[in-house]
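# Notes for the structure review
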Amino acid sequence: MPVGLFRVCLLVITAIVNHPLFFPKDNGTVPESTEEIIQKMKEREESLRLEQLRLEQEIADQEASQKALEKAAVVVEESKEERVRWDMWTALSMVIFLLIELWRQDFQEGNWQDIGGEEDDMAVLGKAFKGVAFPDKAVLASFYEKRILGTTADMARMREMVEGFADDLLEALRSVCNRDADMEVEDCMGVGSMYENWRVRKPFVCDLVVPFAPPEPYCFRCQTWCSGDSFPPDEQGYGTIKVCRADEDSTGCICDKTKLGEDMLCLLHSQVSSTRPSTEMEDLLCFKNTQYLDADQVMKWFQIAVTKAWNRISHKYEFDLSFSLLDSPGALKIKFKSGKSIAFNLTPVVQYENSDVYFISHFPRSSLAGDIPSSTHWFLTFAVYERRFIQLVSKTLPANACHVSCLQILSFLHGKQCSLTGPSGLTNYHLKTVLLHLLQACPSQNWAPEKLEARLQDMLKFLEKCLHEKKLYHFFIGNEKVPAELGFPIIFQRAEPLNLFRPFVLRRDIYRKMVDTFHEMLRNMTALINEYTVHIPLAHTNGIRKE
């Protein structure tokens, strides 16, 4: 207890002694340290204020950056949503456009023949006919009688002579060929204008096709652009021919599938077929290192075989035989001692399955398509069916129908115009295709002989419309209205229509030349016809018009 009191007393004494009032007044240590403390406190306050301002600035900057990030995120989100909306609209627009295009094509494919029912439908354009004086019926009749009718008898005699000689030549060709190694040649067939009786321009040229087949045990397997395989657009109308053994399937295996099963693969024979010697395929006229028939090699073989055949039978004839054109390997010319000559084309072809569609080795390139993709691509010709269709329709037309006359007159005018201004992309095959469309579209009674003028105008207007649209569809390909009596292969009827003017879409110079030639032909039509027409008295002409 006394110790505790002592400690308390000591503490009180110490506090009294250290109290500031006990120091003298002249001692300046206390005030000076107070001012320093105050000054330091002010400095501290100032630094704290500055720190506070800095922190506030940083917070403000962080808030601003946060707002900017949030705003950017919102903008990005909005842009994504807008992009999504734009992509949706773009996709929707493309779908609508494609649907419209498909509908338009379907509409055209379904109605591409329906062009001859009414005169108003035929006069969709007609701009090229403004100011053109079209010959009347009397002038056309006189022109046809004077210039065209006289050629029919000459064509008949020439066809008979050429066919007889061609049969003899092919028989000699079979005798000089090796039946175990060379191609087997069948009988020839006449196609084209000479055998459809509408060729008018001289010199007359007979077109003969000669089917051939490979020697046993080989066969041809044909593939077309519409058989399911992928062919680029520029190869439409073409096909390939594969040379296979007759006992092989499409994969090249000679095993019996009934023994292996449909889902089994024979590795032995697939390897054998893939390593087949190239010399064997080249002997079969295939392209090097492939199994595909080469058109160039076929034509070389055919020229050599024809030359050998002619050497065997030349002593029987009093004329010479030669190849007339370098760019047309099958073009032959008979030269008589009198100086006269007869030209004809003898072209090897391959039959497509069991039909009368043929793969032709060389076809006039200006008539249907541009450059051939390669020598292994063969063009398909429907000439046999075209001839049969004209014959079939002719049976339903009135007597002395004017359909052949229209084609003859138009072909004559076109040929005369080309002799004046030079050849163009427009060919007689295009003119024939126009006639085939109109024969299917127009009623039979519209082809009566007295309606020659009207039908000729229909052909010209339809051709003008096709030139304007750059679309002239092949008559058979994609045409589901082909008469069943023809026995036409259904695979080509169901194919997409083939536009014969497609090669001219990108080649504007040829297209421009073709259009200019057509317009010049229209302007010169009356003058060209009057040049070959006997003068008709005006009274006689008026009398015909009154009738």
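Remember, predicted model here, so these are calculated numbers, not experimental data.

Okay, the UniProt feature "coiled-coil region" (unreviewed entry) in the chain next. Per the UniProt record, the feature "coiled-coil region" (unreviewed entry) sits at residues 38-72. Structurally, residues 38-72 is divided into 100% helix and 0% strand, and its ends, taken at the C-alpha atoms, are 50 Å apart.

Another point: the pairing of strand β4 (residues 218-224). Here β4 shows a buried face lined by Tyr-218, Phe-220, Cys-222 and Thr-224 and an unburied face lined by Cys-219, Arg-221 and Gln-223. In the sheet, β4 pairs with strand β5 (residues 238-245) via seven bridges, with the strands oriented antiparallel. What sits directly across from Cys-222, in β5, is Ile-241.

Okay, unusual backbone geometry next. Here the residue pair Lys-202 and Pro-203 is connected by a cis peptide bond, since its omega of 5° sits within 30 degrees of zero. Turning to its location among the elements, Pro-203 is positioned in the loop between α6 (193-196) and β3 (205-213). Unlike most non-glycine residues, Glu-353 shows phi in positive territory, near 50°. Assignment of secondary structure puts Glu-353 in the loop between β8 (341-351) and β9 (358-360).

The next thing to look at is the pattern of salt bridges. Within this structure, the stated rule accounts for 13 salt bridges. Linking Asp-356 and Arg-388 is a salt bridge whose minimum nitrogen-to-oxygen distance equals 2.4 Å. Of this pair, Asp-356 sits in the loop between β8 and β9 while Arg-388 sits in helix α12 (residues 383-394), and the two are 32 residues apart along the sequence. When its relative accessible area of 16% is taken as the criterion, Asp-356 is described as buried. Residue Arg-388 is classed as partly exposed on the basis of its relative accessible area, which comes to 34%. For Asp-458, the salt bridge is made with Arg-455, and the minimal N-O distance between the two is 2.7 Å. With Asp-458 and Arg-455 both in helix α15 (residues 452-469), this residue pair falls three residues apart, about one helical turn.

Scanning the entire structure with this criterion turns up 27 aromatic pairs. Each ring, one from Phe-389 and one from Phe-475, has its centre 4.7 Å from the other, and the planes form 50°; the classification is tilted. Here Phe-389 is found in helix α12, whereas its partner Phe-475 is found in the loop between α15 and α16 (490-493), with 86 residues between them in sequence. Neither residue differs from the other here; Phe-389 and Phe-475 are each classed as buried. Ring pairs connect the aromatic residues Trp-225, Tyr-352, Phe-359, Phe-382, Tyr-385, Phe-389, Phe-475, Phe-476, Phe-488 and Phe-492, which therefore count as one cluster. Arg-388 extends its terminal NZ or CZ atom over the ring of Tyr-385, reaching a point 5.6 Å from the ring centre. Across the ring face of Tyr-511, the terminal group of Lys-470 is positioned such that the distance to the ring centre comes to 4.5 Å.

Before going further, it helps to examine helix α4 (residues 137-148). Along its twelve residues, α4 runs 15 Å from first to last C-alpha, staying within 8% of the 16 Å computed at 1.5 Å per residue. When we look at burial in α4, the residues that qualify are Ala-138, Val-139, Leu-140, Ser-142, Phe-143, Tyr-144 and Ile-148.

Below, the discussion takes up the environment of Pro-214. Checked against the element boundaries, Pro-214 lands in the loop between β3 and β4. When the C-alpha atoms of Pro-214 and Glu-184 are compared, they prove to be 6.1 Å apart, with 30 residues separating the residues in sequence. Look past the residues within four positions of Pro-214 in its chain and what remains in contact with it is Met-183, Glu-184, Cys-219 and Phe-220.

Moving on, we come to the confidence of the model for the chain. Where the model shows low pLDDT, its predicted coordinates should not be examined in detail. Per-residue pLDDT for the chain averages 79, and the proportion of residues at 70 or more is 73%. For the stretch residues 23-31, pLDDT sits under 50, and the model shows one contact to residues farther than four places along the chain or on other chains. Ignoring residues within four places in sequence, the model shows residues 267-277, a span with pLDDT below 50, making twelve contacts including any to other chains.

Note that strand β6 (residues 319-323) and strand β7 (residues 331-336) share five bridges and pair antiparallel. In the sheet register, Leu-321 faces β7, and the bridge partner there is Ile-334. Note: β7 against β8, five bridges, orientation antiparallel. Within β8, the position partnered with Ala-331 by the bridge is Asn-345.

Here we come to the packing of α12 against helix α14 (residues 428-441). Closest axis-to-axis distance for the α12/α14 pair is 11 Å, and the angle between their directions is 40°. One way to sum up the angle between α12 and α14 is to call them oblique. As for the relative orientation of α12 and α14, their crossing is left-handed in sense. Note on element contacts: α14 touches α12 through Tyr-429, Lys-432, Leu-436, Leu-439 and Gln-440, opposite Glu-386, Phe-389, Ile-390 and Val-393. In terms of residue class, the contact of α12 with α14 is made up of six nonpolar, one polar and two charged.

Parameters and conventions
Residues numbered from 1 in each chain as written. Predicted model: local features only at pLDDT ≥ 70, side-chain atom pairs only at ≥ 80, totals over all residues. Heavy atoms only, no water. UniProt positions renumbered as here; feature names shortened; annotations may be inferred. Helix = DSSP H or I, 4+ residues; strand = E, 2+ residues; numbered from the N terminus. Buried < 20%, exposed > 50% of the residue type's maximum accessible area, 1.4 Å probe, protein only. Pairing = 2+ DSSP bridges. Salt bridge = Lys/Arg side-chain N within 4 Å of Asp/Glu carboxyl O. Phe/Tyr/Trp six-rings, centres within 6.5 Å; stacked < 30°, edge-to-face > 60°. Lys NZ or Arg CZ within 6 Å of the ring centre and 35° of its normal. Expected span 1.5 Å × (residues − 1). Contact = heavy atoms within 4.5 Å. pLDDT = per-residue confidence, 0-100. Axes fitted to C-alpha atoms, helices over the stretch in contact; angles between N-to-C directions. Parallel < 35°, antiparallel > 145°, perpendicular 65-115°, else oblique. Left-handed = near helix turned anticlockwise from the far one by under 90°. Nonpolar A, V, L, I, M, F, W, Y, C, P; charged D, E, K, R; others polar.

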